[in-house]
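If you want the building blocks of each chain, they are given just below.
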Amino acid sequence: MLIADTVLIIVLVLIDQLIKHAVVANIALGGQHPVINGFLSLTHLRNDGAAWSILEGQMWLFTVIAIVALAVMGYFFWHYRHHREQWVEELGLALMMAGTIGNLIDRVGQGYVVDMFQLDFINFPIFNFADSCLTVGVILIMIGVFIADQREAHHGR
């Protein structure tokens, strides 16, 4: 699965970068383009902080955190490569690695992360595809850990 996961990471990073490039090329900074009225808009923003613009201007800190996180995720990714029953965690790690790499490319290359997805039906921070990969990856890992705990509890009886 290591090769398939590596391909998935590369494809997701490419999708992230292509979306960001398209938004930068077609929507003015601060501009908004409705996609589904009342539900989703594309809004071109630059974020030099973390989620919800926490710690704005601390790009060096987020770069270091991303590199350390990639090393830790790489370790676990390598660890799970022979555990077929832990494919959910492996997929979650691949998504998290793709999201981390996608945003790291922005931080290192531009000094900020391009965000664009705005949920119009709720007051929620604007985010990008890499953020979505990170979120889904975390959810998958939580599900995988829950399944593993249930499997262990069932077999431990």
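Since the model is a prediction, treat every value here as computed from it, not as a measurement.

1. Thoughts on the UniProt feature "transmembrane region" (unreviewed entry) in the protein
Here comes step 1: Mapped onto the present numbering, the UniProt feature "transmembrane region" (unreviewed entry) falls on residues 59-78, 87-105 and 125-148.
Here comes step 2: Across residues 59-78 one finds 100% helix and 0% strand; the C-alpha atoms that close the span lie 28 Å apart.
Here comes step 3: Counting secondary structure, residues 125-148 comes out at 83% helix and 0% strand; the distance between its end C-alpha atoms is 33 Å.

2. Some points on the pairing of strand S1 (residues 32-36)
Here comes step 1: Relative to strand S2 (residues 40-47), S1 is paired through 4 bridges, and the arrangement is antiparallel. Paired with Ile-36 across the two strands is Leu-40, which belongs to S2.
Here comes step 2: Between the end of S1 and the start of S2, which pair antiparallel, lie 3 residues, with Gly-38 showing a positive phi angle near 80°.

3. What to know about the confidence of the model for the protein
Segments scoring low in pLDDT should not have their predicted coordinates read at a detailed level.
Here comes step 1: Scored by pLDDT, the protein comes out at a mean of 89, with 91% of its residues at no less than 70.
Here comes step 2: Here helix H2 (residues 59-80) is the element of the protein with the lowest mean pLDDT, 85, and strand S3 (residues 113-119) is the one with the highest, 96.

4. Overview of the UniProt feature "active site" (unreviewed entry) in the protein
Here comes step 1: The positions UniProt marks with the feature "active site" (unreviewed entry) are Asp-115 and Asp-131. Despite a sequence span of 17 residues, these residues sit close together in the fold, their greatest C-alpha distance being 8.9 Å.
Here comes step 2: Within the secondary structure, Asp-115 sits in strand S3.
Here comes step 3: The contact partners of Asp-115, leaving out residues within four places of it in the chain, are Thr-43, His-44, Leu-45, Asn-47, Ile-126, Phe-127, Asn-128 and Asp-131.
Here comes step 4: Locating Asp-131 in the fold gives a position in helix H4 (residues 129-155).
Here comes step 5: A relative accessible area of 22% means that Asp-131 is categorised as partly exposed.
Here comes step 6: Residues within four places of Asp-131 in sequence aside, it is in contact with Asn-103 and Asp-115.

5. A few points about the nonpolar core
Here comes step 1: One finds Ile-9, Met-73, Phe-77 and Met-97 to be the most contacted residues of the largest nonpolar core, which totals 18 residues.
Here comes step 2: Those elements that place two or more of their residues in this core are helix H1 (2-26), H2, helix H3 (87-110) and H4.
Here comes step 3: For this core, the leading source of residues is H3, giving 8 residues.
Here comes step 4: Phe-77 has contacts with Leu-2, Asp-5, Ile-9, Glu-90, Leu-93, Ala-94 and Met-97, leaving out every residue within four places of it along the chain.
Here comes step 5: If you look at the next biggest cluster of nonpolar residues, it comprises 10 residues, including Leu-42, Tyr-112, Phe-117 and Leu-119.

How each quantity is defined
- Residues numbered from 1 in each chain as written.
- Predicted model: local features only at pLDDT ≥ 70, side-chain atom pairs only at ≥ 80, totals over all residues.
- Heavy atoms only, no water.
- UniProt positions renumbered as here; feature names shortened; annotations may be inferred.
- Helix = DSSP H or I, 4+ residues; strand = E, 2+ residues; numbered from the N terminus.
- Pairing = 2+ DSSP bridges.
- pLDDT = per-residue confidence, 0-100.
- Contact = heavy atoms within 4.5 Å.
- Buried < 20%, exposed > 50% of the residue type's maximum accessible area, 1.4 Å probe, protein only.
- Core = buried A, V, L, I, M, F, W, Y, C linked by side-chain atoms within 4.5 Å.

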